[in-house]
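What the coordinates show
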Protein chains: 2
Amino acid sequence: MIQASICTIGDEILIGQIVDTNSSYISRALNDIGIRVRRMLSFGDDRMTIISSLSEELRRNDIVIVTGGLGPTKDDITKSALAKLSGSKGYKESGEQLEIITRILRSRGLDMLDINRQQALVPDRCEVIPNRLGTAPVMVFRFGKDDFGHECVLYSLPGVPFEATGAMQDVIGDISRHFGTGEIFHKTIMTYGIAESALAKMIEPWEDALPEGMHLAYLPDPLKGVRLRLSIYGGTHEDDEAAVERQMKRLRPILGDAIYSEQDDTLQETVGRLLRNSGKTMSAAESCTGGLISSLVTSVPGASEYYLGSVTSYAVDIKKNILGVPEEIIGRYGVVSSECAASMAENARRITGSDYAVSTTGVAGPGGGTDENPVGTVWIGASSAFRTLTCRKTFRNDRIRNIERFAASALDFLRKLIQSEQNHC
Amino acid sequence: MIQASICTIGDEILIGQIVDTNSSYISRALNDIGIRVRRMLSFGDDRMTIISSLSEELRRNDIVIVTGGLGPTKDDITKSALAKLSGSKGYKESGEQLEIITRILRSRGLDMLDINRQQALVPDRCEVIPNRLGTAPVMVFRFGKDDFGHECVLYSLPGVPFEATGAMQDVIGDISRHFGTGEIFHKTIMTYGIAESALAKMIEPWEDALPEGMHLAYLPDPLKGVRLRLSIYGGTHEDDEAAVERQMKRLRPILGDAIYSEQDDTLQETVGRLLRNSGKTMSAAESCTGGLISSLVTSVPGASEYYLGSVTSYAVDIKKNILGVPEEIIGRYGVVSSECAASMAENARRITGSDYAVSTTGVAGPGGGTDENPVGTVWIGASSAFRTLTCRKTFRNDRIRNIERFAASALDFLRKLIQSEQNHC
């Protein structure tokens, strides 16, 4: 089995200022093509440490993936350490990366400085994979038996997470070509509204009966719910797909409408697809979610086709004056109530002219809780031309996590309303 | 200087199923008492790997902190590896931990099983620090020169984050007693609006003149700008603080109002503090940022004191009908224009009654760009009782990243407007 090590360079990780999320992403990507990650390592921006740690990892592994330590400023000395490690005689310029750097700087209205230009310089013994999302290129160093006792490759990626994530696609392509990694077939099932432990209990008999070689993983996420990933190695693509579909036929009736997608996508993508397919539009009226629902919906490319807009009504006066929630409802039931959530959703539809609307009103914390509505309580509303539904949920997390759960629950509530009306048409 | 290594054991980290947050917490705690973390390492639940990796770290470091691999299930084999590593002859029972286990099980209505009782068993060559938050105790192994060439200590902590965090307090106490540790001093300077490379150029002469032992790090973040961190080791807290302040006196005039905070906080926290201190309120009118500004502002606890609400006007009709942007402005200048941004901000103030408002209108992409306003273009507006300002920015990232840059730039633009008016009062 091909073995890999993931190394993260940067003092900011060692002093705990940032959490390393790159390693986890990279290891998932490697696992997906059947490569086993043996170690993950973080060490500081120190030349000797970089050289000795990377040498050791190259001796032990087929693939070493390095992130970080490639910024333009002087605390980043990874590149000179890699030049030394690879026995490069000097540096060469990557014309392709220089073009990207020029374009990025121009788009920001900046002049090319020497330190920008230097980012296109790489040790002469490496191959370059251009980084289209940033200024530092991916460097690929291939080593033979004379170097570390066996053939091995080192990939050096930028540390900025979205650049590292973007670069991994090209790196995976390079690895597949050079190592001829096998095929693996994944099926992702997105569920919302059932906690991981309860879900595991529900599907235990199904899981226990999975055929040899088929593996199930639970991947919970506050904004996506629990993602189930069914993996199978070794067969042809068609055989694997058919084997997975046989299991899916047994799983669907168990989970019912808790499954919101059988692709690896989000609640907001699912809502967007449902709306686009039916030519309908939506709006939102947000209180405790403070704009997060809108932000999630508009993070999807093309959202302007079905998303009209929203009102974030944090202050009571905005609920009354802009949304038009009647004074009487607020006075009689309070803002954290089924009636207020319903009125917010209905009024969002009315003032925006959308087909559907979703609303939230609750207490994210840390302050503001009452006996009746403790911190973590939310009322969610969803409204269509035919009806308005509400539900109450409670969570017990910190502010940020509560807001995330509120927003995801609201999107899921809206998703179910849209689905139920489409099924009946 | 005392050096440490943090090791995390568990296959779930290597396959990317969970992100390791313990290491970051532990490294901050060690840094705070002046201990330098040289490496962080993650490896799997494999006995030989555990023994060889830990031996290597003990040879190189004074302190090795291990988390994970102590659960009751059989894939956790850390304890037997530690018994072997320490040359223990057998296991002993920790009476104190057994009491805690009994109490925890009883509170959950569970009976004591053999696998629960085994958690109180530890290798006979270790000292126990009881874990009051869970069933697996902290094990402390002290080694002499004959073992790994120098005196060193290994602390084995449970992997569950809140148990590891809780246990670190006792571990820090033990380390302070045995090593008589010193202090480290950090100062964080938050800047926005200057790219990392341009910033490095601007402060190069200042950076080159930093005294021996003082270290500068650049930490760019799309939502926070570039964070500068100045660190100094070795002196007393007062001396270090004074030395850093001497450098800050020279840095402030160079960066001017690009510095938005001298604490480790965000643009939205800074805007919130400025508003709270002056008793003012804000609102927002968002188009291309789709609710992200509101979501960021309301992520701060207590935001309801100064944040009234917002309108997300994705559709043109909502700009007109809810915000009240005049038809004429849209017809004459288009929605992506200085005039529209100004009108959105002014109307947000008007309809919400806030003191300040911020607005955005632009093209996040991937579609929708024109020659005049390519993808990545945003007009930002900021309005107060005294004036309305606008600015145009362009970025060239993917949709999500463009939206983040738009929102952060808008918050920074608002921050500068509020600051300028407070300075003049």
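Residues numbered from 1 in each chain as written. Chains lettered and ligands numbered in written order. Predicted model: local features only at pLDDT ≥ 70, side-chain atom pairs only at ≥ 80, totals over all residues. Heavy atoms only, no water.

**Here's the deal with the side chain of Asn347 of chain B**
Mapped onto the elements of the fold, Asn347 of chain B is located in helix H16 (residues 338–352). If sequence neighbours within four positions are ignored, Asn347 of chain B has contacts with Leu323, Gly324 and Val325 of chain B. (Helix = DSSP H or I, 4+ residues; strand = E, 2+ residues; numbered from the N terminus. Contact = heavy atoms within 4.5 Å.)

**Overview of the confidence of the model for chain A**
For chain A, the mean per-residue pLDDT works out to 92, and 97% of the residues sit at or above 70. Both scores are available for the predicted complex, with the pTM at 0.78 and the ipTM at 0.77. (pLDDT = per-residue confidence, 0-100.)

**Describing the packing of aromatic side chains**
Residue and element names in this part refer to chain A. Summed over the entire model, instances satisfying the criterion amount to six aromatic pairs over all chains. Between Phe143 and Phe148, the aromatic rings sit 5.0 Å apart at their centres with planes inclined by 85°, giving edge-to-face as the arrangement. Like Phe148, Phe143 is buried. On the numbers, 6.1 Å between centres and 50° between planes, the contact of Phe395 with Phe406 is tilted. Here Phe406 lies in helix H17 (residues 399–424) and Phe395 lies in the loop between strand S17 (388–394) and H17, a separation of eleven residues in the sequence. By relative accessible area, which is 18% here, Phe395 ends up buried. We classify Phe406 as buried; its relative accessible area is 0%. (Phe/Tyr/Trp six-rings, centres within 6.5 Å; stacked < 30°, edge-to-face > 60°. Buried < 20%, exposed > 50% of the residue type's maximum accessible area, 1.4 Å probe, protein only.)

**Focus on the environment of Ile380 of chain A**
Inspection of the secondary structure assignment puts Ile380 of chain A in strand S16 (residues 377–383). Separated by 35 residues in sequence, Ile380 of chain A and Ala345 of chain A place their C-alpha atoms 8.8 Å apart.

**Regarding the interface of chain B and chain A**
Contacts between the two partners involve 80 residues from chain B and, on the opposite side, 74 residues from chain A. Overall, the association of chain B and chain A removes approximately 6,000 Å² of surface from exposure, summing both partners, and the carbon and sulfur fraction of that is 54%. Broken down residue by residue, the surface that chain B buries against chain A is led by Leu14, Tyr314 and Arg396 of chain B, which jointly contribute 9%. Here chain B and chain A share three salt bridges between them. Ionic pairing is found between Arg60 of chain B and Glu56 of chain A, a salt bridge with its closest N-O pair at 2.7 Å. Between the two partners, chain B and chain A, sit 28 residue pairs in polar contact (both at pLDDT 80 or more). Of the residues assigned to the side of chain B that touches chain A, the class counts are 32 nonpolar, 29 polar and 19 charged. (Buried area = accessible area lost by both parts, 1.4 Å probe. Salt bridge = Lys/Arg side-chain N within 4 Å of Asp/Glu carboxyl O. Polar contact = N/O pair within 3.5 Å; in protein donor to acceptor, adjacent residues only side chain to side chain. Nonpolar A, V, L, I, M, F, W, Y, C, P; charged D, E, K, R; others polar.)

**A short note on empty space enclosed by the protein**
In this structure the tally under the stated criterion is two cavities of 30 Å³ or more. The calculated volume of the largest cavity comes to roughly 180 Å³. Sorting the residues of the lining of the largest cavity by element identifies helix H2 (22–32) and strand S2 (36–43) of chain A together with helix H2 (22–32) and strand S2 (36–43) of chain B as the ones contributing at least two each. Grouping the amino acids of the lining of the largest cavity by side-chain chemistry returns ten nonpolar, seven polar and two charged. Forming the boundary of the second largest cavity are Arg36 and Arg38 of chain A together with Leu14, Gly44, Asp46 and Thr49 of chain B. (1 Å grid on protein atoms, 1.4 Å probe; cavity = no way out; pocket = protein on both sides within 12 Å on 5 of 7 lines; lining within 4 Å. Points joined across faces, edges and corners; volume = space filled by probe spheres on them.)

**Details of the environment of Arg142 of chain B**
All names here are of chain B. You can see Arg142 is positioned in strand S7 (residues 138–143). Residues Arg142 and Ile63, spaced 79 residues apart in sequence, show a C-alpha to C-alpha distance of 9.6 Å. Residues contacting Arg142, with those up to four places away along its chain left out, are Glu127, Cys152, Val153, Tyr155, Asp174 and His178. A distance of 2.8 Å separates the side chain of Arg142 from the side chain of Glu127, its partner in a polar contact. There is a polar contact of 3.0 Å between the side chain of Arg142 and the side chain of Asp174.

**Looking at the nonpolar core**
Counting residues in each nonpolar core, the largest one holds 46 residues, and the members touching the most others are Leu54 and Leu154 of chain A together with Leu54 and Leu154 of chain B. Setting aside residues up to four positions removed in sequence, Leu54 of chain A forms contacts with Cys7, Phe43, Val64, Val66, Leu82, Leu85 and Leu154 of chain A. (Core = buried A, V, L, I, M, F, W, Y, C linked by side-chain atoms within 4.5 Å.)

**Quick notes on the sheet that holds strand S6 (residues 127–129) of chain B**
If you trace the twelve strands from one edge of the open sheet to the other, you get S6(A)-S7(A)-S8(A)-S3(A)-S1(A)-S2(A)-S2(B)-S1(B)-S3(B)-S8(B)-S7(B)-S6(B), paired in mixed fashion. This sheet does not close on itself; its edge strands, each paired only once, are strand S6 (127–129) of chain A together with S6 of chain B. Pairs of neighbouring strands in the sheet enclose a mean axial angle of 20°, with direction left out of account. Taken together, the five bridges between strand S1 (residues 3–9) of chain A and strand S3 (residues 63–67) of chain A define a ladder with parallel strand orientation. Of the residues in S3 of chain A, the one forming a bridge with Cys7 of chain A is Val66 of chain A. In the packing of H2 of chain A onto the sheet, contacts are made with S1, S2, S3 and strand S8 (152–157) of chain A, and the angle to S1 of chain A comes to roughly 160°. Strands in contact with helix H3 (residues 47–60) of chain A are S1, S2, S3, strand S7 (138–143) and S8 of chain A together with S2 of chain B; relative to S2 of chain A, the strand with the most contacts, it is inclined by about 175°. (Pairing = 2+ DSSP bridges. Axes fitted to C-alpha atoms, helices over the stretch in contact; angles between N-to-C directions.)

**A few points about the domain arrangement of chain A**
One frequent convention defines the size of an interface as the accessible area lost when the parts assemble. Assigned domains of chain A: these are domain 1 (3–179), domain 2 (184–261) and domain 3 (267–424). Taking only C-alpha atoms into account, the centre of domain 1 of chain A sits 43 Å from that of domain 3 of chain A. (Domains from an automatic or database assignment.)

**Details of a nonpolar patch on the surface**
Residues and elements named next belong to chain B. Where nonpolar side chains cluster on the molecular surface, the patch consists of Leu133, Val160 and Phe162 and spans about 270 Å² of accessible area. Along the chain, the position of Leu133 falls in the loop between S6 and S7. Note on Leu133: relative accessible area 38%, which makes it partly exposed. (Patch = residues over 30% accessible without salt bridge, like charges linked within 9 Å, V, L, I, M, F, W, Y side chains within 5 Å. Areas by Shrake-Rupley, 256 points an atom, 1.4 Å probe, with all protein chains shown as cover.)

**Brief notes about the pattern of salt bridges**
A pair can form between side chains of opposite charge whenever their charged atoms are brought close. This model, assessed by the stated rule, comprises 41 salt bridges over all chains. Glu262 of chain A is paired through a salt bridge with Arg252 of chain A; the nearest N and O atoms lie 2.5 Å apart. With Glu262 of chain A in the loop between strand S12 (259–261) and helix H12 (267–278) and Arg252 of chain A in helix H11 (residues 237–255), this residue pair connects regions lying ten residues apart in the sequence. One salt bridge in this structure joins Arg142 of chain B and Glu127 of chain B, with 2.8 Å as the shortest N-O distance. Of the two residues, Arg142 of chain B sits in strand S7 while Glu127 of chain B sits in strand S6, which places them 15 residues apart along the sequence. Judged by relative accessible area, Arg142 of chain B falls into the partly exposed class, the value being 25%. Look at the salt bridges and you will find they share partners, linking Arg39, Glu56, Glu57 and Arg60 of chain A together with Arg39, Glu56, Glu57 and Arg60 of chain B into a network.

**Quick look at the packing of helix H3 (residues 47–60) of chain B against helix H4 (residues 78–85) of chain B**
A pair of packed helices is captured by two measures, namely the crossing angle of their axes and the spacing between those axes. Residue and element names in this part refer to chain B. Interaxial distance between H3 and H4 falls to 9 Å at its minimum, and their mutual angle equals 50°. When the interaxial angle is binned, H3 and H4 end up oblique. The way H3 lies across H4 gives a crossing that is right-handed. The segment H3 lies against H4, with Arg47, Ile50, Ile51, Leu54, Ser55 and Leu58 engaging Thr78, Ser80, Ala81, Leu82, Lys84 and Leu85. Across the contact of H3 with H4, the residue classes tally to seven nonpolar, three polar and two charged. (Parallel < 35°, antiparallel > 145°, perpendicular 65-115°, else oblique. Left-handed = near helix turned anticlockwise from the far one by under 90°.)

**Topic: the state of the cysteines**
Enumeration according to the criterion identifies zero disulfides over all chains in this entry. A disulfide-free cysteine, Cys288 of chain B has its sulfur positioned 10 Å from the sulfur of Cys340 of chain B, the nearest such atom. (Disulfide = S-S within 2.5 Å.)

**Things to note about the sheet that holds strand S12 (residues 259–261) of chain B**
Residues and elements named next belong to chain B. Read from one edge to the other, the open sheet built from four strands follows the order S10-S11-S9-S12, with strand pairing classed as antiparallel. Each of the sheet's edge strands pairs with one partner strand only, and the pair in question is strand S10 (214–221) and S12. Pairs of neighbouring strands in the sheet enclose a mean axial angle of 35°, with direction left out of account. Relative to strand S11 (residues 225–233), S10 runs antiparallel, the two being bridged by eight bridges. The residue of S11 that forms the bridge with Leu216 is Leu230. Contacts from helix H11 (residues 237–255) reach strand S9 (184–191), S10, S11 and S12, with the element oriented near 20° to S9.

**Concerning the pairing of strand S15 (residues 356–362) of chain B**
Residue and element names in this part refer to chain B. Across the seven residues of S15, seven count as buried, placing the element largely inside the fold. Side-chain alternation along S15 places Tyr356, Val358, Thr360 and Gly362 on one buried face and Ala357, Ser359 and Thr361 on a second face that is also buried. Sheet analysis places strand S13 (residues 282–286) next to S15, joined by five bridges and oriented parallel. Across the sheet, residue Ala284 finds its bridge partner in S15, namely Val358. Examined bridge by bridge, S15 and strand S16 (residues 377–383) share six bridges and lie antiparallel to one another. Residue pairing across strands places Val358 opposite Ala382, the latter belonging to S16.

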